[in-house]
Amino acid sequence: MHFSQRFYIAMTVIIFVLVIGYFVSPLYPIGIGCLIILGALTIVDFYRLYRHRSIRTDRTCAARFSNGDANDVILNIENGYAFPLKLEINDEIPIVFARRDLLFSMTINSQTSKVIRYQLTPVKRGLYHFGHIRIFARTSALGLVVRQFICGEKADVKVYPSFLMLRKYELLAINNNLTEMGIKRLRKVGQQTEFEQIRDYVKDDDFRLINWKATSRMNNLMVNVYEDERSQQIFNVIDKGRVMQQKFCDMTLLDYSINASLVLSYIAIHKEDRAGIITFAEKPDSYLKASRHKDQMQLILENLYSQQTTFGETDFSSLSVLFAQQAVRRSLMIIYTNFTSLNSMNRQLDYLIQLSRSHRVLVVFFQDSEVQEYVSEQAQSMEEYYKHVIAEKTIYEKRLIVSTLLRHGIYSLLTTPQQLSVDVINKYLEMKARQMF
């Protein structure tokens, strides 16, 4: 129990009247009378609040949070008292969020309930701890005494890679609306075998696939869709070295890569390909065999849940040895890394060339959007001019890495972290349509 601000204001006024009463005698008995009244009202207020425990609260949230997405948390508050209350609710969220704006104030009528809904956006995977829900209640009539209620149970929530993004892509894929996320429709080339379905004609579809009978019936252009000739292996290979610790919008490059790998794995399985995961740093850390089994997505999710960056330098030689031992069949290797300079890429080039002899290699690395924005600004001083030159050199080296890799038969994708998922899916669909692996 503690007293409210209203009580202290009233007490301050009474003390002031009593002090003045020492000099102006008629005010002294008035101050004493006010003090007695305040004490009586405080006792009444205390009795009303503490007679029963009639506040019930619980927290509802998912057992798993999605990294980088807004996750809903719901508080249900029920007032069992026979009179209205003024409440201040403080939910003890995990300290990693460091938020100070989750103190909710409300007035709740007797025998009613209210719902508070707020969102938390984690930027790091792991185990998060919720504490109790603390409620500070006072009567709306007097409001002199504040009673604290400790409600709700402590809870642990696991933060997984962005499965909310995965569900968004899943719904769009079911409705054939992946273009809403920026996924391009590409015309397929080469041999196709088994008929799959008839659907509406869209731009860039091969006119030779138009089904004229269905078109006449539907009064709309319809095309035949054929399944791909064979199922392929797709490995998302994620670098966990120190170069992946760089942050954009509070998320590390590793987290962006994990989210993109999760979504791409789903798209690949949806396209009848087999998806697998490899993580490595100084040495290979985990290897999940490529498959399109119904439980594969859950295995991928669990595999990526606890992955963390290291402080060592990545060893691509160990990756080439692992693939030589484990992946006999030709596969598409999508390697998520971050070459900061041409020299850093040249140190690993021999191993990438070795991998490309047996597999199709796509190297995904990152463009610093902040550096690009800085270069686009006008230099105002000699110092800024030199900084612009260095920034432009960095951007140029990234482009030089792309051309160097392509010269050795290695494909690459230079993208920003925010566009990673969309760009890597488009690249995969393009390579699949052109039968490049």
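Everything numeric here is computed off the predicted structure, so don't read it as measured data. Going along each chain's sequence as written, the residues are numbered from 1 onward. Totals for whole chains, interfaces and linings use all residues, but because this is a predicted model, local features are given only for residues with pLDDT of at least 70 and pairs of side-chain atoms are given and counted only at 80 or more. The side-chain numbers reported here are obtained from all heavy atoms of the structure, hydrogens and water having been left aside.

Right, let's get into the sheet that holds strand S21 (residues 411-415). Between any two strands, pairing holds if DSSP finds at least two bridges. In this description a helix means any DSSP run of H or I spanning at least four residues, a strand means any run of E spanning at least two, and both kinds are numbered starting from the N terminus. Read across the sheet, six strands follow the order S18-S17-S14-S19-S20-S21 without closing on themselves; strand pairing throughout is mixed. Edge positions in the sheet fall to strand S18 (284-291) and S21, since each has one partner strand and no second. Adjacent strand axes in the sheet meet at a mean angle of 15°, parallel and antiparallel pairs treated alike. Examined bridge by bridge, strand S20 (residues 360-366) and S21 share five bridges and lie parallel to one another. Its bridge partner being in S21, Leu362 is matched across the sheet by Tyr411. Whether two residues are in contact is decided by their heavy atoms: any pair within 4.5 Å suffices. Note on method: axes are straight lines fitted to C-alpha atoms, helices fitted across the in-contact stretch only, with angles between N-to-C directions ranging 0 to 180 degrees. On the sheet, helix H11 (residues 420-433) packs against strand S14 (233-239), strand S19 (331-336), S20 and S21 and is oriented at approximately 155° with respect to S21.

Time to look at the pattern of salt bridges. Each salt bridge in this description consists of a side-chain nitrogen of Lys or Arg and a carboxyl oxygen of Asp or Glu lying within 4 Å of one another. Applying the stated rule across the entire model yields 11 salt bridges. Put simply, Arg434 and Glu430 hold a salt bridge, and the shortest N to O gap is 2.9 Å.

By the largest-angle criterion, Gln348 marks the main kink of helix H8 (residues 342-356), which is about 50°. Remark: exposure states derive from per-residue accessible area (1.4 Å probe, protein chains only) relative to the maximum for the residue type, with buried under 20%, exposed over 50%, and partly exposed in between. What H8 keeps buried is the set Leu342, Ser344, Met345, Gln348, Leu349, Leu352, Ile353, Leu355 and Ser356. As for H8, its buried residues are in contact with helix H7 (316-326), S19, S20 and helix H10 (382-407). Think of it this way: the bend at a residue is just the angle between two axes, each fitted to seven residues, one set ending at that residue and the other starting at it.

Below, the discussion takes up the packing of helix H1 (residues 5-21) against helix H2 (residues 27-50). Two elements in contact, H1 and H2, have axes separated by 7 Å at closest approach and are oriented at 160°. For the element pair H1 / H2, the angle class is roughly antiparallel. Regarding H1 and H2, the two cross each other, and that crossing is left-handed. Of the residues in H2, those touching H1 at Phe7, Ala10, Met11, Ile14, Val17, Leu18, Ile20 and Gly21 are Leu27, Tyr28, Gly31, Ile32, Cys34, Leu35, Leu38 and Thr42. Classification used: nonpolar for Ala, Val, Leu, Ile, Met, Phe, Trp, Tyr, Cys and Pro, charged for Asp, Glu, Lys and Arg, polar for all others including Gly. Classifying every residue of the contact of H1 with H2 by side-chain character gives 13 nonpolar, three polar and no charged. Put simply, angles under 35 degrees are roughly parallel, angles over 145 are roughly antiparallel, angles from 65 to 115 are roughly perpendicular, and the rest are oblique. The sense of a crossing depends on the near helix, which, turned anticlockwise from the far helix by less than a right angle, makes the crossing left-handed and, turned clockwise, makes it right-handed.

This is a description of form; function is not addressed.
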